[in-house]
2 protein chains.
Amino acid sequence: MAAQTRGPGGRQPTINDVAALAGVSKKTVSRVINRSEFLTEKTRAAVEKAIEQLGFVPNPQARALAFRRNFLIALLHDNPNAQTVLNFQRGVLDAIKDSDLALLVRPVDRGSDKLLDDVRTFLEKQRPIGAMLLPPISENDELAALCEDLGVRYVRIGSAPLDDAKHCISSNDREVVAAAVRGLIALGHRRIGFVRGPAGFRSAAEREKGFLEALAEAGLTLPPELNAPGNYRYAAGIEAGEALLARADPPTAIFCSNDEMAAGVLSVAHGKGIKVPAELSIIGFDDSPTATHIWPALSTVRWPIREMGARAAQILVPDFLGPGAKVDDEDNVLPSTLVERQSVAPPPDRL
Amino acid sequence: MAAQTRGPGGRQPTINDVAALAGVSKKTVSRVINRSEFLTEKTRAAVEKAIEQLGFVPNPQARALAFRRNFLIALLHDNPNAQTVLNFQRGVLDAIKDSDLALLVRPVDRGSDKLLDDVRTFLEKQRPIGAMLLPPISENDELAALCEDLGVRYVRIGSAPLDDAKHCISSNDREVVAAAVRGLIALGHRRIGFVRGPAGFRSAAEREKGFLEALAEAGLTLPPELNAPGNYRYAAGIEAGEALLARADPPTAIFCSNDEMAAGVLSVAHGKGIKVPAELSIIGFDDSPTATHIWPALSTVRWPIREMGARAAQILVPDFLGPGAKVDDEDNVLPSTLVERQSVAPPPDRL
DNA sequence: TTGTATGCGTTATCAG
DNA sequence: CTGATAACGCATACAA
């Protein structure tokens, strides 16, 4: 504990108080704070002792003014999945916990035609060190260009590596989905339905690619009537389930591009008395809380979102996180993993 | 759109540029920015025109330094329910959208013995205008006292009014739960099980009060064997379901203190082949996404969390939100509402 | 009603 | 390696 938390006069101690106590100039104190290399071990020790004695905490507002930069990281998101956003926030906080940084959260509206103006105003006002873009807005190149233009560091989170590797943290959705579908095929499934994600989403495209890839490897194809549209929402899962399961020749397994839609398909199955997984296997994506809260628990793909948040902070502001935080730039793909639960089984024999 | 976004020399325009262009002193410009009353309509117009022309945006860092206060609202939370936190964030953003404020998010660890120190350091550094405390940490009186001590405005979110009305936004959990249980009784249920929330949580206590209240009104009691412990987690719901539904004389209805636990009870029912709602009615609390993603969709209580976020901002920083944001101080109880879906029905006749 | 001088707490410049 | 002085952009006190 600090000896005292107030400077002379009952105020918070300032850099001047520290300088006076240590018998140096305030610039020297500043150098200590900012870890300048040009310092005698002796003076550094003296200053640090004074800092400790006074319980001095540098004023971020003053630093921000002088640096023309706020010690903040902005999180820009328009993500429909609350758990994803919050887990990501946790990951970022894990990483910046011992730094001087704080996290600014900014929900945006990707549909708004004022999106770019909004973000520009926000960034110009807050002047954060860097910004993090969560999908789906991470796929917006104009947004990235805007950050570049404003001199705000940025990092984009995606489901596959984007153009610029050093600005991108990604998972390997395509590969994991392919692996999951291979598993289905290995169990004997041949008629496998697919519920798509929303058009224009990179994540949706990646998942579809992985799905088709695994099918192709096994010499299978996706019949158009088993390819259902979706938008990552529960209601779309309901519709897809109605469409796929009302058929005379329903699929024996359905891959859904996220858990919410999988839950929808599962509800339809329940309603129709179709037993899962005995008569129908279902796989989702996200490993959202829903996946374990429904019955039977959903086999799904876990997106390492919290780890991605931490990694994002590490590549965004490595110079603020202390020496232990260095990461390999090549190491920006964090693998998603298949989580096997109770919604998958071999197909019923009905040849 | 502004005529230009850069001042002389390619920098962002400052208050000096505005003053020069408008032919006034910078103090006058400052007065316009801060909505001083002592201004001629004419000078105000001239300044505003200059501001518009230059695309001037006041630098929040400089203002923060001068004001000794950052134009930020801090959201402190340690809430297990991601959707709740994110919806609350949305509500806050709804309210501060057109203000100069931004939202700082700070997850904390309520179990840590350093909680108070962490929050103190955070508030001293960031110097936000105010802080919002979400349950369960909103129930921590020391935290509120700390805010008071540091001169940080605060507002506590709770499931029932706390001591200090003007610092508290609350819902009426007790009343709504009582109403829900009355509904169960009206349908004919007499043996009604209860799955508790975690000990020491105000929300848990309120929900239990409401439950017992409704029972008492009808001359019923809660037999100890039908009163199951819980902690707001899915696994606790599973355990409670196992305990209650394995009995020879199971309840015909179960009220669960939140949706996650209700989902757990529902899973157990599915596993045992107990039909919901025909043989067992279930009610949850939260109206989380899970409530609609499980089958059958869960009757539950909707907590007006987004509205609470907006209201919290309104009572926290009314002076920053413009004239339209005034709210009645007495109006700080936002009613939760019963959402009736498919998990409730009359009890099976088995007399 | 408006302007002048000064302060907010820190960093940058540049000389020593 | 260190220090004096001037920014940084805005607000307050007090004068005019």
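In this report, the structure presented in the accompanying data block is examined. Throughout, a residue's number is its position along its own chain's written sequence, starting from 1. Here every chain gets a letter starting at A, and every ligand a number starting at 1, in the order they are written. Since the coordinates come from a predicted model, pLDDT governs what is reported: local features require at least 70, and pairs of side-chain atoms require 80 or more to be given and counted, while whole-chain, interface and lining totals use all residues. Only heavy atoms go into the side-chain values, all of them from the structure, while hydrogens and water stay out.

### Describing the overall build of chain A
Counting its secondary structure elements, chain A contains 13 helices and eleven strands. Based on the C-alpha atoms only, the size of chain A along its principal axes is roughly 90 × 40 × 35 Å. Between buried and exposed lies partly exposed: a residue is buried under 20% and exposed over 50% of the maximum accessible area for its type, with that area taken using a 1.4 Å probe on protein chains only. Counting every position in chain A, which comprises 351 residues, the buried fraction comes to 55%. We call two residues in contact whenever any of their non-hydrogen atoms come within 4.5 Å of each other. A separation of at least 24 residues holds for 71% of the contacts in chain A among residues at least 6 apart in sequence. Only the protein chains shown count as cover for residues, and the accessible areas themselves come from Shrake-Rupley with a 1.4 Å probe. Per element, the accessible surface of chain A, about 15200 Å² overall, is 51% carbon and sulfur. Numbered from the N terminus, helices here are DSSP runs of H or I no shorter than four residues, and strands are runs of E no shorter than two.

### Topic: the protein's contact with DNA strand D
Any residue with a heavy atom positioned within 4 Å of a molecule or strand is treated as near that molecule or strand. Lining the immediate environment of DNA strand D, one finds 26 residues, of which A:Thr28, A:Arg31, B:Ile15, B:Lys27 and B:Ser30 sit closest. For this analysis, a polar contact is any N or O atom pair within 3.5 Å, provided that within protein one partner can donate a hydrogen and the other can accept it, and provided that sequence-adjacent residues contribute only side-chain to side-chain pairs. Between DNA strand D and A:Arg31 there is a distance of 2.7 Å, counted from a base oxygen to a side-chain nitrogen or oxygen. In the model, a phosphate oxygen of DNA strand D is placed 2.6 Å from a nitrogen or oxygen of the B:Ser30 side chain. Of all the secondary structure elements, the ones that give two or more residues to the surface near DNA strand D are α2 (26-33) and α4 (60-67) of chain A together with α2 (26-33) and α4 (60-67) of chain B. The element contributing the most residues to the surface near DNA strand D is α4(B), with five residues. Just so you know the grouping, Ala, Val, Leu, Ile, Met, Phe, Trp, Tyr, Cys and Pro go in nonpolar, Asp, Glu, Lys and Arg go in charged, and all remaining residues, Gly too, go in polar. Of the residues contributing to the surface near DNA strand D, the split by class is twelve nonpolar, eight polar and six charged.

### A short note on the protein's contact with DNA strand C
Looking at DNA strand C, there are 27 residues lining it, with A:Ile15, A:Ser30, A:Asn34, B:Thr28 and B:Thr43 nearest. Here DNA strand C approaches the protein such that, of its atoms within 4 Å, sugar and phosphate make up 62%. The contact in question runs from a phosphate oxygen of DNA strand C to an N or O atom on the backbone of A:Ile15, over 2.5 Å. One nitrogen or oxygen atom from the side chain of A:Arg63 is found 3.0 Å from a phosphate oxygen belonging to DNA strand C. The set of elements that each furnish at least two residues to the surface near DNA strand C consists of α2 and α4 of chain A together with α2 and α4 of chain B. Ranked by residue count, the leading element in the surface near DNA strand C is α4(A), at five residues. The class makeup of the residues in the surface near DNA strand C is 13 nonpolar, eight polar and six charged.

### Some details on the pattern of salt bridges
Residue and element names in this part refer to chain A. Any Lys or Arg side-chain nitrogen located within 4 Å of an Asp or Glu carboxyl oxygen qualifies as a salt bridge. Summed over all chains, the structure comprises 39 salt bridges over all chains. Glu217 is the salt-bridge partner of Arg182, the closest N and O atoms lying 2.7 Å from each other. With Arg182 in helix α8 (residues 173-186) and Glu217 in helix α9 (residues 202-217), this pair connects stretches of sequence that are 35 residues apart. In this structure Arg182 comes out as partly exposed when scored by relative accessible area, which is 35%. Residue Asp249 is joined to Arg247 by a salt bridge in which the shortest nitrogen-to-oxygen separation is 3.1 Å. Take Asp249: its relative accessible area is 31%, and that puts it in the partly exposed class.

### Describing the pairing of strand β3 (residues 128-133) of chain B
Residues and elements named next belong to chain B. Within β3, six of the six residues are buried, which leaves it mostly tucked inside the rest of the structure. Whether two strands pair depends on DSSP finding at least two bridges between them. By the bridge criterion, four bridges tie β3 to strand β4 (residues 153-158) in an arrangement that is parallel. Across the sheet, residue Met132 finds its bridge partner in β4, namely Val155. A crossover links β3 with its parallel partner β4, the connecting element being helix α7 (residues 141-150), and its sense is right-handed. Think of it like this: strands point away, you trace from the first strand over the helix to the second, and a clockwise trace means the crossover is right-handed.

### Focus: empty space enclosed by the protein
Rolling a probe over the atoms, with the probe sized like a water molecule, indicates the empty space that remains. Think of a 1 Å grid over the protein atoms and nothing else: a 1.4 Å probe that fits but is trapped marks a cavity, an open set flanked by protein within 12 Å on at least five of seven lines marks a pocket, and residues with an atom within 4 Å of a point count as lining. Grid points are joined across faces, edges and corners, and a volume is the space filled by probe spheres set on the points. Inspection of every chain in the model, using the stated rule, returns two cavities of 30 Å³ or more. For the largest cavity, the calculated volume is near 100 Å³. Around the largest cavity, the lining is made up of 13 residues, and of these A:Asn70, A:Leu72, B:Asn70, B:Leu72 and B:Gln126 lie nearest the centre. For the lining of the largest cavity, the secondary-structure elements that each account for two or more residues are α4 and β1 (70-77) of chain A together with β1 (70-77) of chain B. Class assignment of the residues belonging to the lining of the largest cavity gives a composition of six nonpolar, five polar and two charged. Within this model, the second largest cavity holds a volume of roughly 60 Å³. Every residue lining the second largest cavity is counted, 14 residues in all, and those nearest its centre are A:Ile294, A:Trp295, B:His270, B:Ile294 and B:Trp295. Listing elements by their share of the lining of the second largest cavity, those giving two or more residues are α11 (259-272) of chain A together with α11 (259-272) of chain B. Its residues placed into classes, the lining of the second largest cavity shows eight nonpolar, six polar and no charged.

Remember that the coordinates give geometry; whether it matters functionally is a separate question.
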